Amino acid sequence: MAKAVLGYIDRPSWLHRLTGTAKLVLVIALVVSAMLTFDARLLIGLSLMSIVLWTVSRIRLRDLKVVLIIIGTFMVLNNLLIFVFAPRYGVSLFGTEHIILTGSGRWVLTWEQLYYQSLVTLKYFAVLPGVLLFITTTPPPECAASLNALGIPYRFAYSISLALRYIPDVQRDYETISTAQQARGLDVSHKAPMRVRAKNLLAVLMPLLFGSLDRIETTSAAMELRGFGSRKGRTWWARRQMKSEDWLIVIGSVALVLLTIWLNRVNGGRFWNPFV
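No experiment lies behind these values; they were computed from the predicted model shown.

**Q** Tell me about the overall build of the protein chain, and please be specific about residues and values.
**A** Helix and strand counts for the protein chain come out as 10 helices and two strands. Secondary structure of the protein chain in N-to-C order comes out as α-α-α-α-α-β-β-α-α-α-α-α. Over its C-alpha atoms, taken along the principal directions, the protein chain stretches across nearly 65 × 55 × 35 Å. Classification of the 276 residues of the protein chain by burial places 38% in the buried group. Taking as baseline every contact in the protein chain between residues at least 6 positions apart, the subset at least 24 positions apart corresponds to 76%. Counting every atom, the protein chain has about 16500 Å² of accessible surface; 69% of that belongs to carbon and sulfur. Taken as two groups, the 30 positive and 15 negative side-chain charges of the protein chain have centres that lie 1 Å from each other.

**Q** Account for the pattern of salt bridges, naming residues and giving values.
**A** This model, assessed by the stated rule, comprises six salt bridges. As a salt-bridge pair, Arg-240 and Glu-142 come within 2.7 Å of each other at their nearest N and O atoms. Remark: Glu-142 occurs in helix α7 (residues 140-149) and Arg-240 occurs in the loop between α9 (194-225) and α10 (244-267); sequence separation between them is 98 residues. Between Arg-215 and Asp-173 there is a salt bridge, and its shortest N-O distance comes to 2.4 Å. Taken together, the positions of Arg-215 in helix α9 and Asp-173 in helix α8 (residues 154-183) put the pair 42 residues apart, joining distant regions of the chain. On the basis of relative accessible area, Arg-215 is assigned to the partly exposed category, the value being 22%. Counted as one network, the salt bridges with shared partners bring together Arg-11, Arg-60 and Asp-63.

**Q** Describe the domain arrangement of the protein chain, and please don't skip the residues or the numbers.
**A** When its domains are assigned, the protein chain resolves into domain 1 (17-138) and domain 2 (153-226). Spacing between the C-alpha centres of domain 1 and domain 2 amounts to 31 Å.

**Q** Outline the packing of aromatic side chains, supporting the account with residue identities and numerical values.
**A** All told, the structure shown has eight aromatic pairs when counted by the stated rule. Site record: aromatic cluster; members linked through ring pairs are Phe-38, Tyr-89, Phe-94, Tyr-115, Tyr-116, Phe-271 and Phe-275. The lysine or arginine in question, Arg-41, covers the ring of Trp-272, its NZ or CZ lying 4.4 Å from the ring centre. Its end group placed over the ring of Phe-38, Lys-123 keeps NZ or CZ at 4.2 Å from the ring centre.

Thresholds, definitions, all that
- Residues numbered from 1 in each chain as written.
- Predicted model: local features only at pLDDT ≥ 70, side-chain atom pairs only at ≥ 80, totals over all residues.
- Heavy atoms only, no water.
- Helix = DSSP H or I, 4+ residues; strand = E, 2+ residues; numbered from the N terminus.
- Buried < 20%, exposed > 50% of the residue type's maximum accessible area, 1.4 Å probe, protein only.
- Contact = heavy atoms within 4.5 Å.
- Areas by Shrake-Rupley, 256 points an atom, 1.4 Å probe, with all protein chains shown as cover.
- Lys, Arg positive; Asp, Glu negative; His and termini not counted.
- Charge placed at Lys NZ, Arg CZ, Asp CG, Glu CD.
- Salt bridge = Lys/Arg side-chain N within 4 Å of Asp/Glu carboxyl O.
- Domains from an automatic or database assignment.
- Phe/Tyr/Trp six-rings, centres within 6.5 Å; stacked < 30°, edge-to-face > 60°.
- Lys NZ or Arg CZ within 6 Å of the ring centre and 35° of its normal.

Here it is in structure tokens:
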């Protein structure tokens, strides 16, 4: 069977040895910092940190090939649509205009617009690697325990854990159903025309959907019979005690958010304007 599209990948790395709580705090700090600022200096620093974390995690790019292709496609479309619908937003934002290329009508490429869209792209590199690493380096039970440790109700935390745990199962069922349908003569490969492929793909997705609903019903009944949700709290077998390296990550995450707030005050806003 092919590797799961998105899920836990067991590798002997320093990031895997951290507790889920410490990694979750780091991810939240990355997201909050990227949301609060458009300072290119900070976003470049966050992007470099994400690259370093990805390197030490020993997660390979091909392990998340499908997810990265989807993210990359969305990132390109996002930048394209920003320029199509607001080609002069950077000019109005920074108050200056330095033209690179002159187009027809209002579509003029300026350094201000290019700089703004570069900041938008940097946000992807600053946040998404950390989020993906949290999912791929944290087992689903520990992921739920870490969410609950930060005050999220354990019912919601356990739901997220189940969703992450079932991603490989859904992929395995899809491959099984697809192979069975191809054995019956339904071609879903690239050799078939798009119309035929879409029709045959529906014959794969419908059994997958009904099978997933049946699994959800079975799991829900099993959890209800075991009294899940009857108490306000619960213990976690997967929860680990915080160590010194975990506390260093937590302290560094808090410092990162404080640095972002300080930069916003120094810059007089969320943006750092290099054109003044």
